Amino acid sequence: MLVLMVIAACNKDEVKPYDHPFVHIHVANEDTVFVRFNRKDTVNYNVYYSGKLQFEPMDVKYSVVAGNGLQEGRDYKLINTSDTLHFVQGMFERPVRIAWLESPLAPQQNNSLTIRIISNSKNYTIGLPGPDKLQSSLVIIKN
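Because the structure is predicted, anything quoted here is derived from the model rather than measured. (Residues numbered from 1 in each chain as written. Predicted model: local features only at pLDDT ≥ 70, side-chain atom pairs only at ≥ 80, totals over all residues. Heavy atoms only, no water.)

Quick look at empty space enclosed by the protein now. Tallying each qualifying case throughout the model produces 1 cavity of 30 Å³ or more. In this structure, the largest cavity spans a volume of roughly 50 Å³. Along its surface, the largest cavity is lined by Tyr49, Gln54, Glu56, Met58, Phe87, Val88, Gln89, Gly90, Met91 and Phe92. Of the residues that constitute the lining of the largest cavity, the class distribution is 6 nonpolar, 3 polar and 1 charged. (1 Å grid on protein atoms, 1.4 Å probe; cavity = no way out; pocket = protein on both sides within 12 Å on 5 of 7 lines; lining within 4 Å. Points joined across faces, edges and corners; volume = space filled by probe spheres on them. Nonpolar A, V, L, I, M, F, W, Y, C, P; charged D, E, K, R; others polar.)

Pasting the structure below:
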């Protein structure tokens with residue numbers, strides 16, 4: 001009986017390593033972060049490519065959506081001039097740059113800013129692999 005088990009174990013298929021490229025966004029591995037209402041600096045919120053070194057460039061399209069409590073020019077300023085991030089060979093992260101402006105908040109309103117990855121030119125997975133697609137967007141809550 002033991003000999004049969006050893007033979008059966010030797011015939012098992014080897015497990016192939018997971019090698020599926022994906023694009024995601026996070027801060028310290030979190031997909032929701034907070035900034036103070038009186039913050040006055042520029043922050044890079046990086047979009048990451050996770051996969052093997054690419055030899056052809058890749059474009060990643062994203063959107064920035066403000067809740068009804070935030071207004072561009074009053075609460076923040078989007079520094080990027082395009083809604084596309086260009087990843088060249090050897091590039092594994094690109095920033096969405098936001099300048100935070102000090103302003104009072106209406107606590108009953110939605111004071112969030114969401115950066116959402118929309119697509120990429122390689123059709124790689126958006127967000128972490130899996131059904132939940134974690135880290136496909138980053139929610140920044142100003143409080």
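Next comes the rest of the write-up.
Our next topic: the sheet that holds strand β10 (residues 137-142). Read across the sheet, 5 strands follow the order β2-β10-β8-β4-β6 without closing on themselves; strand pairing throughout is mixed. Two strands in the sheet have a free side with no partner beyond their single neighbour: β2 (32-35) and β6 (84-87). Strand after strand, the sheet turns through a mean of 25° between neighbouring axes, direction not considered. In the sheet, strand β4 (residues 58-66) pairs with β6 via 4 bridges, with the strands oriented antiparallel. Each residue of the ladder has a partner; that of valine 60, found in β6, is leucine 85. (Pairing = 2+ DSSP bridges. Helix = DSSP H or I, 4+ residues; strand = E, 2+ residues; numbered from the N terminus. Axes fitted to C-alpha atoms, helices over the stretch in contact; angles between N-to-C directions.)

Turning our eyes to something else, we now look at a nonpolar patch on the surface. Taken together, the side chains of Leu53, Phe55 and Phe92 present a nonpolar region at the surface, about 310 Å² in accessible area. Take phenylalanine 92: it is sitting in the loop between β6 and β7 (93-100). Note on phenylalanine 92: relative accessible area 34%, which makes it partly exposed. (Patch = residues over 30% accessible without salt bridge, like charges linked within 9 Å, V, L, I, M, F, W, Y side chains within 5 Å. Areas by Shrake-Rupley, 256 points an atom, 1.4 Å probe, with all protein chains shown as cover. Salt bridge = Lys/Arg side-chain N within 4 Å of Asp/Glu carboxyl O. Buried < 20%, exposed > 50% of the residue type's maximum accessible area, 1.4 Å probe, protein only.)

Turning our attention to the sheet that holds strand β1 (residues 22-25). One open sheet holds the 5 strands; their spatial order is β5-β7-β3-β1-β9, and the pairing between them is mixed. The open sheet has two edge strands with one neighbour each: β5 (76-78) and β9 (125-126). Pairing between β5 and β7: 3 bridges, direction antiparallel. Across the sheet, the residue bridging to tyrosine 76 is tryptophan 100, located in β7.

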